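Residue-level structure breakdown
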Amino acid sequence: MKTVNNTQQLFGSEVSSSKGEAQSRGLFENVKPHLVEEQTLFEAEQVWKKRLGMLVAAENNLIKVIRLRKITGIFTVASIAVFLFSLYVAPTMPPIVFFGLIALAAFGCATYPAWFFASKSSKKQRDAISRMFFMSNHEVDVADGKVTLINRANYSSVTEIHVMDRKLGQFATP
């Protein structure tokens, strides 16, 4: 077992072996000894509310991206179907509609992979935030227009945020 001498040099200054000498030099003036970082109940609740807000924002972003991906897929399939049907039947469509369907199908084929990767990225972000709650032994419950954070150790409600706009009945923007 190796012992360490307290009089060795540390960062270019000599560390003294007595506390009185260190206090006289002013080394312990602003040091406040504590084992755990002090945090009030209000600050802790604000941190949890901020994290719940992040989860709600990530969930809303995921819903938007999935909705755009589905709309793009529907329009792409519909325009390709009408385009192929117009090739089978005698040309009764005006040229502007025909080229519009081709442009819509090309735009859909170009943007659908982007929406697919964006939805995967949003899902990973939402899952990462959700995993933080799970690792801290909490679970999130969404009911009655509010998101409630529940401590799984004793199933008590830690905090809650409201996500429904009562006037419109839609999700409130965070």
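Coordinates for the structure precede this section.
One numbering rule holds for all chains: residues counted from 1, following each sequence as written. Given that this is a predicted model, residues contribute local features only at a pLDDT of at least 70 and side-chain atom pairs are listed and counted only at 80 or more, while totals for whole chains, interfaces and linings are drawn from all residues. No hydrogens and no water enter the side-chain calculation; it runs on all heavy atoms of the structure.

1. Notes on the layout of surface pockets
Approximately 270 Å³ is the volume attributed to the largest pocket. Buried and open spaces are told apart on a 1 Å grid over the protein atoms alone, a cavity being a set of points where a 1.4 Å probe fits but cannot get out and a pocket being an open set with protein on both sides within 12 Å along at least five of seven lines. Residues with an atom within 4 Å of a point are the lining residues. Lining the largest pocket are 16 residues, and of these Leu55, Glu59, Val140, Val142 and Val147 sit closest to its centre. Put simply, DSSP marks the helices as runs of H or I at least four residues long and the strands as runs of E at least two long, and each gets a number from the N terminus on. The dominant element in the lining of the largest pocket, judged by the number of residues it contributes, is helix H2 (residues 41–88), at five residues. The residue classification treats Ala, Val, Leu, Ile, Met, Phe, Trp, Tyr, Cys and Pro as nonpolar and Asp, Glu, Lys and Arg as charged. All others, Gly included, are polar. In terms of residue class, the lining of the largest pocket is made up of 10 nonpolar, three polar and three charged. Grid points are joined across faces, edges and corners, and a volume is the space filled by probe spheres set on the points.

2. Structural notes on the sheet that holds strand E3 (residues 138–143)
By the convention used here, strands pair only if DSSP detects at least 2 bridges between them. Pairing in this open sheet of three strands is antiparallel, and the strands run E3-E4-E5 from one edge to the other. Either end of the sheet is taken by a strand with one partner, and the two such strands are E3 and strand E5 (156–162). Across the sheet, the axes of successive neighbouring strands diverge by a mean angle of 25°, strand direction being ignored. Two elements, strand E4 (residues 146–151) and E5, share six bridges in a ladder whose sense is antiparallel. Its bridge partner being in E5, Val147 is matched across the sheet by Ile161. Packing of H2 onto the sheet brings it into contact with E3, E4 and E5, and relative to E5 it is tilted by some 55°. Lines fitted to C-alpha atoms define the axes here, with helix axes fitted over just the stretch in contact, and angles between the N-to-C directions of these axes take values from 0 to 180 degrees. Note on contacts: a residue pair qualifies if any of its non-hydrogen atoms lie within 4.5 Å across the two residues.

3. Regarding the side chain of Ser119
Turning to its location among the elements, Ser119 is positioned in helix H3 (residues 95–135). Per-residue accessibility, obtained with a 1.4 Å probe over protein chains only, is compared with the maximum for each type, and a residue is labelled buried under 20%, exposed over 50%, and partly exposed between these values. Residue Ser119 is classed as buried on the basis of its relative accessible area, which comes to 4%. Setting aside residues no more than four positions away along its own chain, Ser119 makes contact with Leu62, Val65, Ile66 and Arg69.

4. Some remarks on unusual backbone geometry
Of note in this structure, Asn137 is not a glycine but carries a positive phi near 65°. Take Asn137: it is sitting in the loop between H3 and E3.

5. Topic: the pattern of salt bridges
Where side chains of opposite charge bring their charged atoms close, a pairing between them can arise. Note on definitions: salt bridges are taken to be side-chain nitrogens of Lys or Arg within 4 Å of carboxyl oxygens of Asp or Glu. If you walk through the whole model with that rule in mind, you get three salt bridges. Between Glu59 and Arg126 there is a salt bridge, with the nearest N and O atoms lying 3.0 Å from each other. Pair noted here: Glu59 is in helix H2 and Arg126 is in helix H3, with a separation of 67 residues, a long-range link. On the accessibility criterion, Glu59 (29% relative accessible area) is partly exposed. Taking relative accessible area as the criterion, Arg126 reaches 19% and is therefore assigned buried. A salt bridge links Glu160 to Lys146, with the nearest nitrogen and oxygen atoms 3.7 Å apart. Taken together, the residues span a long stretch of sequence, with Glu160 in strand E5 and Lys146 in strand E4 at a distance of 14 residues.

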